[in-house]
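Listed here are the chains, written in short residue letters.
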Amino acid sequence: MAVTGTYQRDAGRFAAPSQARSGQAGVSRPRPAARRRGEKGGVGGAVQRTERKIFGVPERFMRPRLILIATVVLLTAFGCLMIYSASSISSLTSDVLGNDPAYYLKKQLQFIALGGAVAFVLAKVDYHEFTNGRASMPMWAAMVVVLVLVFTPIAGQSTYGASRWINLPLIGKLQPSEFAKIGIVWLAAGVCQQRFDDGTIDDAQFVKNGVLAAVVPLALIVVQPDKGTTMVIGVALLAMLFFAGFDRKYLVFISVVALAGMVFLSVKDSYSLRRIQIMFDPFQDYYNDGYQLAQGQYAFGSGGLFGVGIGMSRMKYSYLPMAHNDFIFAIIGEECGLVGTLGVLAAFGVIAWQGMKIARCASDLSGRLVAVGCTSLLAFQTLLNVCGVIGIFPLSGKPIPFLSYGGSSIMASLLIVGALVSVSVHSSLPETVHDRTRRTWQQVADESDPGSLTFVSDARPRSARGAVRQEAQGRGAGSAQPQAPSPFRVVAGGAQGRSGGQTRPQRGRVTTDANGRRRIDLGPSASDRLRGGSDGPRTRR
C-alpha cells in the first residue's frame, strides 16, 4: 500500500493533513530516527526530549516564553524569601499562629504549588476555548455567580469594611475579583476578535456583548467596593481596545469618563478621600491614618543605596503594619536598598517586554489581545502598589504580584502567566507561498518494500562512518542483481524518480580516496583558474 502524506508548517513543526487543523499542529508525526533505533532512557532521555522540545520551536516563540517563565520563577522565589524575612518576627510572637516563624512562608508555598499546577494546565489548553470556545459561556456564568456570592452571608465575608472574600473549605479565604481579572480579559478578547477581525458582529452587537462580558463583572467588583482591582482591569481593557484598533476618539472619551467615575467614587467614600489627603502629607496624622505610609518611608530611608541586609530589617518588628503583604516593597527597600528595588522593577520590566513580544507573535487578534491584557494586568498592578508605597499615589490595597503574601494574589498572578504562555504555545508561523506549494507534495513508497521510505537519521560520529560505508560497499559487491532505482518521487513538483537504467551524466572526474570516500574533481582551484596558463604577472591589455 502506498504511503502518502502532506506537510504543513505550524510553529516550526510539520503535521499530517488528517491531524492538522487551523492554528495547531497534528500530534501524529513520523518517529525520529533516534527513537526508532532506541532512545536513551532515564535522565539522558528526558534531557534529549526536553532539548528537542525547546529547539524544535522557532526562536520568536520560545525565547520570550523561556525568559518570561524564568523571570517569574526568580521573582516568586525572591518573594518567598522576603515574606519569610518580613513575617518571621510577627508570626514568632503570635500564639494564634503557633509561634512558628515560617507560618506565612509555608502557607505561601502551598498557594504557589496549587497556582503553579493550575497555571501549567492552563498553558496546555488552547486559549481559544476561553475567548470564543465552549468554555467561554460557562466561565462567564461561574464568574458572575462567584462575584455575587461575596454579598451573601453564606459564603461572603467582610474585612476592613469591604465584602471581597469568600470562605472555601480546605483553602480558606479567597478574593474572587483577583480571578475575575483573567476571565474578563479572555471574554473581552473574544468580543474584539468577533468585531475587528472576523467581522461577524456589528457595532450594536459589539457594545451588547462587551457590556455582558466586561461591564457586568466590573460593576460587581466596584460595588464590593474594590476600586484597586477596578482600576487594574479598566487599564487592561483600554490597552486591549487600543491594540484592537478601536476608534481613538471613542477611546479617549471612555478614558475620560472612567477617570471621572473613579475620582467621584474616591471622593464619595470618606476612607478613600482620607487616603488622598494622607498621600500629600502622611505626618499630618502620624499616629492614625498616616502611620503606615510614614513607617514605609522610614524603611526606604533606612535602606539607603544597598540596604541593611536581608533579614536585618527593623521595621518588621511590629513597626510597619502589613509588612509581608501590601508594604513588602518597603521591606525590600530597607533590606536591599535602592539597588534591590530597582532590580525588582527591572524584573517586572522584563516580564512586560516579553509579554508584548508574545503578543506581537500571536497568530490572531484574540491571542494578541489576551497577551496585551495579561501583561497590562501585571504591569499596572505593580505600578499601583509601588506608587502607593512610596507615596506618589493613594494607597489602593493591591499587593505586588509574585512578592506579596496572599493566596488569591499569587494564584491569580500565576494563572495570568499561564494564560500568557498558552498564547505563546498555540501561536504559529504565518503560511508562506512555499508552504502552500509544499502542501501539494506527496511521498510515495513502493508497495512491495515497506521499508523503502526512510527519513533523515541523526548525526553519526566520524569514527562510525567508515564501518557503515564498508558495510554498504560489501552489500553492493556481494549482490548479484543491480540495485533498483530509488522509489521516492515528488508528485506535483520536483524531479521524478529515474527508471529504465537512465543515469544522470556526472561532471568532472570521480575519484576514491584511501578512506573510501568518493570525490568529484572539478578541475583546478579558483586561484589557478584566475591565474591562467601563464606564470608571469597578468597585466591589463
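This one's a predicted model, so the numbers in the text were calculated from it and none came from an experiment.

## Notes on the nonpolar core
In this structure, Trp186 and Phe402 are the most contacted members of the largest nonpolar core, which totals 98 residues. Filtering out sequence-adjacent residues up to four positions away, tryptophan 186 remains in contact with Leu122, Tyr127, Phe130, Thr131, Met139, Val370 and Ala419. Phe61, Met62, Cys361 and Leu429 belong to the second largest nonpolar core, which has five residues in total.

## Here we look at the side chain of asparagine 325
Looking at the element boundaries, asparagine 325 is found in the loop between helix 12 (291–303) and helix 13 (328–360). Note on asparagine 325: relative accessible area 16%, which makes it buried. When near neighbours in sequence (up to four residues on either side) are disregarded, asparagine 325 contacts Pro399, Ser404 and Tyr405.

## Considering helix 13
With 33 residues, helix 13 extends only 33 Å from end C-alpha to end C-alpha; this falls clearly short of the ideal 48 Å at 1.5 Å per step. Of all the bends in helix 13, the greatest, near 125°, is centred on cysteine 336.

## Observations regarding the pattern of salt bridges
As enumerated under the stated definition, the model contains eight salt bridges in all. Here glutamate 59 makes a salt bridge to arginine 63, at a shortest N to O gap of 2.5 Å. With glutamate 59 and arginine 63 both in helix 3 (residues 59–92) and four residues apart, the pair spans about one turn of that helix. We classify arginine 63 as partly exposed; its relative accessible area is 44%. For arginine 134, the salt bridge is made with glutamate 129, and the minimal N-O distance between the two is 3.7 Å.

## Description of the confidence of the model for the chain
In regions of low pLDDT, the predicted coordinates are not meant to be interpreted in detail. Across the chain, the average pLDDT comes to 78, with 71% of residues at or above 70. Taken element by element, the chain is modelled with least confidence in strand 2 (residues 13–14), mean pLDDT 38, and with most confidence in helix 13, mean pLDDT 94. Across residues 450–457, where pLDDT falls below 50, the model places 14 contacts with residues more than four positions away in sequence or in other chains. Scored below 50 in pLDDT, residues 492–501 makes nine contacts in the model with residues more than four places away or belonging to other chains.

## Quick notes on a nonpolar patch on the surface
A contiguous nonpolar patch, built from Leu305, Phe306, Leu338, Val339, Leu342 and Leu345 and spanning about 570 Å² of accessible area, is present on the exposed surface. Mapped onto the fold, leucine 345 is located in helix 13. Look at leucine 345 and you get partly exposed, because its relative accessible area is 37%.

## A word on helix 7 (residues 176–198)
Residues spaced three or four apart along an α-helix face the same direction, because each turn holds 3.6 residues. With 23 residues, helix 7 extends 32 Å from end C-alpha to end C-alpha; this agrees with the ideal 33 Å at 1.5 Å per step. A maximum bend of about 25° is found in helix 7 at cysteine 192. Within helix 7, 17 of the 23 residues are buried, which leaves the element mostly enclosed by the surrounding structure.

## Notes on the packing of helix 7 against helix 15 (residues 407–425)
At a closest axis distance of 8 Å, the pairing of helix 7 and helix 15 adopts a crossing angle of 20°. Taken as axis vectors, helix 7 and helix 15 run roughly parallel relative to one another. Residues Glu178, Phe179, Ile182 and Trp186 of helix 7 form the contact with helix 15, whose participating residues are Ser408, Ser409, Met411, Ala412, Leu415, Ile416 and Ala419. Here the contact of helix 7 with helix 15 is composed, by residue class, of eight nonpolar, two polar and one charged.

## Considerations on the packing of helix 13 against helix 14 (residues 365–390)
In the contact formed by helix 13 and helix 14, the axes pass within 9 Å of each other and the chain directions differ by 165°. Taken together, the axis directions place helix 13 and helix 14 in an arrangement best described as roughly antiparallel. Crossing handedness for the pair helix 13 and helix 14: left-handed. The segment helix 13 lies against helix 14, with Phe329, Ala330, Leu345, Phe348, Ile351, Ala352, Gly355, Met356, Ile358 and Ala359 engaging Arg368, Ala371, Val372, Thr375, Leu378, Thr382, Asn385, Val386 and Val389. Residue classes in the contact of helix 13 with helix 14 are distributed as 14 nonpolar, four polar and one charged.

## Considering the side chain of glutamine 381
Along the chain, glutamine 381 turns up in helix 14. Note on glutamine 381: relative accessible area 1%, which makes it buried. Each residue touching glutamine 381, except ones within four places of it in the same chain, is listed here: Glu178, Lys181, Val232, Ser376, Lys398, Pro399 and Pro401.

Rules used throughout
Residues numbered from 1 in each chain as written. Predicted model: local features only at pLDDT ≥ 70, side-chain atom pairs only at ≥ 80, totals over all residues. Heavy atoms only, no water. Core = buried A, V, L, I, M, F, W, Y, C linked by side-chain atoms within 4.5 Å. Buried < 20%, exposed > 50% of the residue type's maximum accessible area, 1.4 Å probe, protein only. Contact = heavy atoms within 4.5 Å. Helix = DSSP H or I, 4+ residues; strand = E, 2+ residues; numbered from the N terminus. Expected span 1.5 Å × (residues − 1). Bend = angle between axes of the 7 residues up to and from the residue. Salt bridge = Lys/Arg side-chain N within 4 Å of Asp/Glu carboxyl O. pLDDT = per-residue confidence, 0-100. Patch = residues over 30% accessible without salt bridge, like charges linked within 9 Å, V, L, I, M, F, W, Y side chains within 5 Å. Areas by Shrake-Rupley, 256 points an atom, 1.4 Å probe, with all protein chains shown as cover. Axes fitted to C-alpha atoms, helices over the stretch in contact; angles between N-to-C directions. Parallel < 35°, antiparallel > 145°, perpendicular 65-115°, else oblique. Nonpolar A, V, L, I, M, F, W, Y, C, P; charged D, E, K, R; others polar. Left-handed = near helix turned anticlockwise from the far one by under 90°.

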